[in-house]
Amino acid sequence: MAAVLKLVNRGTLSSAMGQQYLSFSSAPKVQAVGFRAGQALPEKVKIVEVGPRDGLQNEKTIVPTETKIHLIDMLSASGLPVIEATSFVSPKWVPQMADQVEVMKGIGRIPGVSYPVLTPNLKGFQAAVKAGASEVAIFGAASELFSKKNINCSVDESLQRFNDVMKAAKEAGVPVRGYVSCVVGCPYEGKVAPEKVAYVAKRLYSMGCYEISLGDTIGVGTPGSMIEMLEAVSKEVPISALAVHCHDTYGQALANILVALQMGIGVVDSSVAGLGGCPYAQGASGNVATEDVVYMLHGLGIQTGVDLSKLMDAGAFICRTLNRKSNSKVAQAVCKL
Amino acid sequence: MKNLIPEKKQKTKNTLILRIHPLWFCCSLEWYSSPLFLFDIVPQTITGHAYPKFVKIVEVGPRDGLQNEKEIVPTGVKIQLIDMLSGAGLPVIEATSFVSSKWVPQMADHSDVLRGIQRAPHVQYPVLTPNLQGFQDAVAAGATEVAVFGSASETFSKKNINCSIDESMLRFEEVINTARERQIPVRGYVSCALGCPHEGHIEPSKVAEVAKRLYEMGCYEISLGDTIGVGTPGSMFKMLQSVMKEVPTSALAVHCHDTYGQALPNILTALQMGVCVVDSAVAGLGGCPYAQGSSGNVSTEDVLYMLHGMDIETGVNIAKVIEAGDFICNALRRETNSKVARAKGRTL
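Residue numbers run consecutively from 1 along every chain, following the written order of its sequence. The lettering of chains begins at A and the numbering of ligands begins at 1, in the order of writing. It should be noted that, the model being predicted, local features are given only for residues of pLDDT at least 70 and side-chain atom pairs only at 80 or more, the latter also being counted only at that level, while totals for whole chains, interfaces and linings use all residues. Side-chain figures throughout are based on the complete set of non-hydrogen atoms in the structure, without hydrogens or water.

*Asks:* How should I be thinking about the overall build of chain A in this particular structure?
*Replies:* On a plain count of helices and strands, chain A comes out with 12 helices and 11 strands. Under the scheme applied here, a residue whose accessible area is under 20% of the maximum for its type counts as buried, over 50% as exposed, and between as partly exposed, the area being computed with a 1.4 Å probe on protein chains only. Counting the 337 residues in chain A, one finds 62% classified as buried. Between two residues, a contact is recorded if the distance between any of their heavy atoms is within 4.5 Å. In chain A, the share of contacts with a sequence separation of at least 24, taken over all contacts with a separation of at least 6, comes to 74%. Note on areas: Shrake-Rupley with a 1.4 Å probe; residue coverage comes only from the protein chains shown. When the accessible surface of chain A is summed, it comes to about 12200 Å², and 53% of that surface belongs to carbon and sulfur atoms. Put simply, DSSP H or I for four residues or longer makes a helix, DSSP E for two residues or longer makes a strand, and each gets a number counted from the N terminus.

Dropping the structure here:
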């Protein structure tokens, strides 16, 4: 039974071990402080919650449709502005997402919240729109080998495929988010050149994606490689259109997100309870946990609009269902999950 | 199997520049008005960040880490662990603690451990000495560096060592004065620097006050500990800002716990502020006694991965630290808390 957690005012600390510590993460009076001369941290950060799609896609247990819907509804209630709901890929490849239409039709959509879905091709896009999608996402890779092994075509060929989706989306007035995977490292190629990442990001942006999410797919990045990559990309794509999607496989995600914020990036992808392991490192963690990101951002005085307690309730819910421990350290410390 | 641990980056071209101190807009009026803090000359990379070129890692696994492990570790295992860590190039390894074995049974074999380890040249092996008795026992066993532990929280001090902060300082003064006569350096710790399990929020000025007292009494270095891991870059920044008014940055270290996953960004923040000594524990040994089942110390492996990825030198061989971590985790029959260690060897 998940504890009912409340963000408590510093002056009225609860005696219950763990719950009181959430107050350390709320710093409404602390101005977002910049550590570099003339460089302030963003006042607000948009969290893109990828748990229901990217997270669940990498979980072995097939989750019932109602559970997915309930999870998304709980996440909506926590104040998250963007929740990636599902993926319109063939169920043959991704059985976890076979109930894509039911999920889209079943969720309680909150006004002002976006529910993007993945659409790898025109067919997927058409099915998504039919099911009620009002935002979609496409995935490119900065590594040729990864592109070939993952979707069986070169980077340029994949971008060519997306042209159809972009055209249809434009006609339908549906915004498209672009993802670039392997932005600092590839499980096959090793180090990825920042210029290559910049090239792919620029292509997606020029094609019409309103935002480009830069993914450290195998979590090998550090603040060093992150800065190098972001500097290259920001020469080609405005910072305001960039997001970071950091994996925590090597424990570097929060440090990487911090330097991205210091460079002016104001959009961060994360996954409730750190759902989704790493398919390239058996047993290792994957997505960074939304709870841990929100804890850090609130501690910096950065607004997210997210209620950390309600977010943790959602994390506790899905972990109970999956019968697994949360990957969020905040959740482990507070909920003992 | 491809080694995915990043190779050292190409060194970027360094330039020396005159810059306005990056903290100017956060300083209090009196600090800002001091010409010493307005301008400085620092090496900067082309990316514009000024990080230390070298960070000293203080490995606390054998003491702080094992102290918080439930299972009593045999003396031979402790000695082997320390020897493996010495072989990894760590410059400082906190070996044991001369506290009463009644309170900390894990450290009952302190003299045997200190006598049994192979001391590598240029490596320090500090030991904890909470009082004069402990100090004398430590010296008799061959200690050449000691450490004392203060707290920024009165309640924590009373509950942990059964006396107020002021009373504890008197005890430490005895140790420090005696150590000075014997020319034995003393390291000072301040616990609860970013929060207390009993009091909650701790004022940065209180941390600064305790740090200053320890420094002025004669501690050569002050390690600021986020004992319950609740700190974030926001609170770390404010605390360091306060402490740096009283103690030179070159004498400061950070001891971050990863209970809330914040250790690495907190360490990064400290580095950006000029701190260049970081405490960590191999395999993230040592849970958190205040959050059952949660992690405690940040893992040395994860810290090294970050530092090396930023082209910061440590003199440490990460692969050998991972080996030492594997060794102790096998002995403890538990999984490592290090994400780097977990990911290593399981990649394509």
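*Asks:* Sorry, what's going on with the sheet that holds strand E8 (residues 186-191) of chain B here?
*Replies:* Where strands meet in a sheet, backbone hydrogen bonds hold them as pairs that are either parallel or antiparallel. Residue and element names in this part refer to chain B. Paired strands, as defined in this entry, are two strands with at least two bridges between them according to DSSP. Strands sit in the order E4-E3-E11-E10-E9-E8-E7-E6-E5 across an open sheet of 9 strands; the sheet is parallel. Edge strands, defined here as strands with exactly one partner in the open sheet, are strand E4 (92-93) and strand E5 (96-97). Sheet topology note: the strand E10 (residues 252-256)/strand E11 (residues 277-280) ladder contains 2 bridges and is parallel. By the bridge assignment, Val 254 is partnered in E11 with Val 278. All axes are obtained by fitting lines to C-alpha atoms, using only the stretch in contact for helices, and the reported angles, taken between N-to-C directions, cover 0 to 180 degrees. Running over the sheet, helix H9 (residues 204-217) touches strand E7 (146-151), E8 and strand E9 (221-226) and is turned about 165° from E8.

*Asks:* Even after reading the chapter, I still don't get the nonpolar core, so can you show me in this structure?
*Replies:* Generally speaking, a soluble globular protein has its nonpolar side chains buried in company with each other. One finds A:Leu214 and B:Leu224 to be the most contacted residues of the largest nonpolar core, which totals 208 residues. Ignoring sequence-local partners within four residues, the contact set of A:Leu214 consists of A:Val180, A:Val183, A:Val197, A:Ala201, A:Met229, A:Leu230, A:Val233, A:Leu242, A:Ala243, A:Val244 and A:His245. Core analysis: the second largest hydrophobic core is formed by 9 residues, B:Val58, B:Val60, B:Val277 and B:Ala281 among them. Nine residue types can take part in a nonpolar core, namely buried Ala, Val, Leu, Ile, Met, Phe, Trp, Tyr and Cys, and a core is a set of them joined through side-chain atoms within 4.5 Å.

*Asks:* Would you explain the confidence of the model for chain A in this entry?
*Replies:* Caution is warranted with low-pLDDT regions, since their predicted coordinates should not be read in detail. All names here are of chain A. The score called pLDDT rates the predictor's confidence residue by residue, from a low of 0 to a high of 100. Considering every residue of chain A, the mean pLDDT works out to 89; 87% of them sit at 70 or more. In the model, residues 1-17 has pLDDT below 50 throughout and makes 34 contacts with residues more than four positions away in sequence or in other chains. Overall, residues 27-38 carries pLDDT values under 50, and its contacts beyond four positions in sequence, including any with other chains, amount to 38 contacts.

*Asks:* Would you take a moment to explain the side chain of B:His257 for this structure?
*Replies:* All names here are of chain B. Assignment of secondary structure puts His 257 in the loop between E10 and helix H11 (263-272). The class of His 257 is buried, set by a relative accessible area of 7%. Under the rule applied, a polar contact is a pair of N or O atoms within 3.5 Å (in protein, one hydrogen donor and one hydrogen acceptor; residues adjacent in sequence only if both atoms are side-chain atoms). Among the polar contacts listed, one links the side chain of His 257 to the backbone oxygen of Thr 227, at a separation of 3.0 Å. There is a polar contact of 3.1 Å between the side chain of His 257 and the side chain of Asn 297. With residues up to four places along the chain from it excluded, the contact list for His 257 reads Asp 64, Asp 226, Thr 227, Gly 229, Ala 263, Gly 296, Asn 297 and Val 298.

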